[in-house]
Amino acid sequence: MRRSSNQMGPGGVGLWVFKLQTGILILQGSSSSGHAETSKVSNMVEWTEFERATIQDIFSKMDYESVGHNALTRCLVVYPWTQRYFGNFGNLYNAAAIMGNPLVAAHGTVVLHGLDKAVKNMDNIKATYAELSVLHSEKLHVDPDNFRLLADCLTIVVAARLGSGFTPDVQAAFQKFLAVVISALTKQYH
Amino acid sequence: MSLTAKDKAVVKAFWGKIGGKADAIGQEALARMFIAYPQTKTYFAHWPDLSPGSESVKKHGKTVIGAITAAVEKMDDLIGGLSSLSDLHAFKLRVDPGNFKILSHNILVALAVNFPGDFTPEVHVSVDKFLAALSAALADKYR
């Protein structure tokens, strides 16, 4: 009976281990053979000039208090189950109550200032957010699906503010930025 | 998450405000989707031009938003009202239903951009629920 080609004999395992080791060497950017390694496999996010400029531009002109307040309010209204994380915020009974709640306003600002860290460290968002990720996972116990809900509400609020200036390309850049933030915030969940 | 009487009233009132701008909203939502979610372009490989201002995007945006506007009057029975469109999407077009959520999001963005004052959180939640119910009705025949 012919051996299936999927079966790995001892040689096959050895080959796999070799490929794994080589892969790790490449990731570390080192070369044991002495010739110059001009390309490096990197797991950094790549930003185009347009994307960088767009993110800096949007946030430099943003009223963090107002946008934060409105985005969090919208999230609590549009996705009411997110209120589960704010049991001690008092009156969240309806949209007007949420909008008028000073704890919601204050927390919206906290969230936006947290985002600011990513704006200022676009090339190192994952490391920048390591502690925040642990906080959201182990202390706050926030289901990461909620990050996308808040991000979508933030997108809507910014879209409304910028109007036609929120072009499809600007939208794509903004949403990519938020996706990277969400990924970093989700990284320390185990 | 079924549509309450309040949701239906809010959606009807807001859609009335959209009025003649509906076609432009449809076009803009599609354009935004193709740029921000490029994987959605795979369903339109047969179009010569997928850019925002193209005739194809304009025409198809009008088709899609027209069906949504018609659905506003069918909110009491979306599954029944969208039955033939569901047949079309299930058996002919076979669009993965995950994409309905993506297009819905871009419709919301287009609404926020064009109606910033009217697209309040209360309107947003009702319209979001309507689009979700519509998407479910569209996927009804899939399996």
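Residues numbered from 1 in each chain as written. Chains lettered and ligands numbered in written order. Predicted model: local features only at pLDDT ≥ 70, side-chain atom pairs only at ≥ 80, totals over all residues. Heavy atoms only, no water.

The condition is simple: UniProt positions are given in the numbering used here, feature names are shortened, and annotations may be inferred rather than shown by experiment.
Chain B is annotated in an unreviewed UniProt entry as Globin domain-containing protein of Pygocentrus nattereri. For the record of chain B, the UniProt heading Sequence similarities (unreviewed entry) holds the text "Belongs to the globin family."

Going by what an unreviewed UniProt entry lists, chain A is known as Hemoglobin subunit epsilon 1 and is assigned to Pygocentrus nattereri. UniProt, in its Sequence similarities (unreviewed entry) section for chain A, records the words "Belongs to the globin family."

## Thoughts on the interface of chain A and chain B
Think of interface size as the accessible area that goes away when the parts come together; that is how it is often given. Applicable threshold: Note on definitions: a residue-residue contact is assigned when non-hydrogen atoms from the two residues lie within 4.5 Å. By buried area we mean the combined loss of accessible area, with a 1.4 Å probe, across both parts when two parts are placed together. Distance and chemistry together define a polar contact, namely a pair of N or O atoms within 3.5 Å, with one atom able to donate a hydrogen and the other to accept it when in protein, and with adjacent residues in sequence counting only for side-chain atoms on both sides. Secondary structure elements follow DSSP: runs of H or I of four or more residues count as helices, runs of E of two or more count as strands, with numbering from the N terminus.
On the chain B side, the residues contacting the 22 residues of chain A number 21 residues. Buried surface at the junction of chain A and chain B, both sides included, amounts to about 1700 Å², of which 65% is carbon and sulfur. When the buried surface of chain A facing chain B is broken down by residue, Arg74, Ile156 and Pro168 of chain A rank first, second and third, together holding 29% of it. On the surface where chain A and chain B come into contact, there are 7 residue pairs in polar contact (both at pLDDT 80 or more). Mapped by element, the contributors of at least two residues to the side of chain A that touches chain B are helix 3 (64-78), helix 8 (145-162) and helix 9 (168-186) of chain A. With 7 residues, the top contributor of residues to the side of chain A that touches chain B is helix 8 of chain A.

## Section: the side chain of threonine 82 of chain A
All names here are of chain A. The condition that has to hold: Each residue is assigned to one of three classes by its accessible area relative to the maximum for its type, calculated with a 1.4 Å probe on protein chains only: buried under 20%, partly exposed between the two thresholds, exposed over 50%.
Relative to the helices and strands, threonine 82 resides in the loop between helix 3 and helix 4 (95-100). When its relative accessible area of 4% is taken as the criterion, threonine 82 is described as buried. Here cysteine 75 takes part through its backbone oxygen, which lies 3.4 Å from a polar atom of the side chain of threonine 82. Within the structure, threonine 82 has its side chain in polar contact with the backbone oxygen of tyrosine 79 (distance 2.7 Å). For threonine 82, the contacting residues outside a window of four places in its chain are Cys75, Leu76, Asn146 and Leu149.

## Observations concerning the pattern of salt bridges
Residues and elements named next belong to chain A. The condition is simple: Salt bridges are defined by distance alone: a side-chain nitrogen of Lys or Arg within 4 Å of a carboxyl oxygen of Asp or Glu.
Here the structure, examined in full by the defined rule, presents 10 salt bridges over all chains. Between glutamate 51 and lysine 176 there is a salt bridge whose closest N-O contact spans 3.0 Å. Pair noted here: glutamate 51 is in helix 2 (residues 49-60) and lysine 176 is in helix 9, with a separation of 125 residues, a long-range link. Look at lysine 176 and you get partly exposed, because its relative accessible area is 27%.

## Observations concerning the packing of helix 1 (residues 5-18) of chain B against helix 7 (residues 121-138) of chain B
Residue and element names in this part refer to chain B. Here is the rule: Interaxial angle, 0 to 180 degrees, is taken between N-to-C directions of lines fitted to C-alpha atoms, where a helix line uses only the stretch in contact. By the definition adopted for this analysis, an angle is roughly parallel if under 35 degrees, roughly antiparallel if over 145, roughly perpendicular if from 65 to 115, and oblique otherwise. Note that Gly is not counted as nonpolar here; it falls among the polar residues with everything else outside the nonpolar set of Ala, Val, Leu, Ile, Met, Phe, Trp, Tyr, Cys and Pro and the charged set of Asp, Glu, Lys and Arg.
Where helix 1 contacts helix 7, the two axes come as close as 9 Å, and the packing angle between them is 100 degrees. Relative to helix 7, the element helix 1 lies roughly perpendicular. Judged by residue contacts, Asp7, Val10, Val11, Phe14 and Trp15 of helix 1 engage Glu122, Val123, Ser126, Val127, Lys129 and Phe130 from helix 7. Classifying every residue of the contact of helix 1 with helix 7 gives 7 nonpolar, 1 polar and 3 charged.

## Concerning helix 8 of chain A
All names here are of chain A. Keep this limit in mind: For a helix, the expected span equals 1.5 Å multiplied by the number of residues minus one.
In a regular helix each residue adds 1.5 Å, so 18 residues correspond to 26 Å; helix 8 covers 26 Å between its end C-alpha atoms and thus fits that length. Every buried residue of helix 8 is accounted for by Asn146, Phe147, Leu149, Ala151, Asp152, Cys153, Leu154, Thr155, Ile156, Val157, Val158 and Ala159. Once helix 8 ends, the next one or two residues include glycine 163, with phi positive near 60 degrees.

## Considerations on the packing of helix 3 of chain A against helix 5 (residues 102-120) of chain A
Any two packed helices are characterised by how steeply their axes cross, that is the angle between the axes, and by the distance between the axes. All names here are of chain A. For clarity, the cut-off: Put simply, a crossing is left-handed when the front helix is turned counterclockwise from the back one by less than a right angle, and right-handed when it is turned clockwise.
Where helix 3 contacts helix 5, the two axes come as close as 7 Å, and the packing angle between them is 110 degrees. As the angle between them shows, helix 3 and helix 5 are arranged roughly perpendicular. With respect to the hand of their crossing, helix 3 and helix 5 are arranged in right-handed fashion. Residues Tyr64, Glu65, Val67, Gly68, His69, Leu72, Thr73 and Leu76 of helix 3 touch helix 5, and the partners they reach there are Val104, Ala105, His107, Gly108, Thr109, Leu112, His113 and Asp116. Within the contact of helix 3 with helix 5, the residues separate by chemical class into 7 nonpolar, 7 polar and 2 charged.

## Side note on the UniProt feature "domain: Globin" (unreviewed entry) in chain B
Summarizing the sequence annotation, UniProt attributes the feature "domain: Globin" (unreviewed entry) to residues 2-143 of chain B in the numbering used throughout. Counted over residues 2-143 of chain B, helix gives 68% and strand 0%. Its end C-alpha atoms are 21 Å apart.

## What about the packing of aromatic side chains?
Quick note on the threshold: Whether two aromatic rings pair depends on their centres lying within 6.5 Å, for rings of Phe, Tyr and Trp, where Trp uses its six-membered ring; planes under 30 degrees apart make the pair stacked, over 60 edge-to-face, and the rest tilted. Look at NZ for Lys and CZ for Arg. If either is within 6 Å of the ring centre and within 35 degrees of the ring normal, a charge sits over the ring.
Applying the stated criterion across every chain, the model contains 15 aromatic pairs over all chains. Taking 6.4 Å as the distance between ring centres and 50 degrees as the angle between the ring planes, the aromatic pair formed by tryptophan 47 of chain A and phenylalanine 177 of chain A counts as tilted. Taken together, the positions of tryptophan 47 of chain A in the loop between helix 1 (10-28) and helix 2 and phenylalanine 177 of chain A in helix 9 put the pair 130 residues apart, joining distant regions of the chain. Of the two residues, tryptophan 47 of chain A and phenylalanine 177 of chain A, neither departs from the other in class, the shared state being buried. A centroid spacing of 5.9 Å and a plane angle of 75 degrees characterise the contact between phenylalanine 14 of chain B and phenylalanine 115 of chain B, whose relative ring orientation is edge-to-face. Taken together, the residues span a long stretch of sequence, with phenylalanine 14 of chain B in helix 1 and phenylalanine 115 of chain B in the loop between helix 6 (98-114) and helix 7 at a distance of 101 residues. No difference in accessibility class separates phenylalanine 14 of chain B from phenylalanine 115 of chain B, as the two residues are buried. Linked through ring pairs, Trp47, Phe59, Tyr64, Phe166, Phe174 and Phe177 of chain A together constitute an aromatic cluster. Sitting above the plane of the tyrosine 85 of chain A ring, arginine 84 of chain A keeps its charged end 5.0 Å from the centroid. Lying over the aromatic face of phenylalanine 115 of chain B, lysine 21 of chain B brings its terminal NZ or CZ to 5.4 Å of the ring centre.

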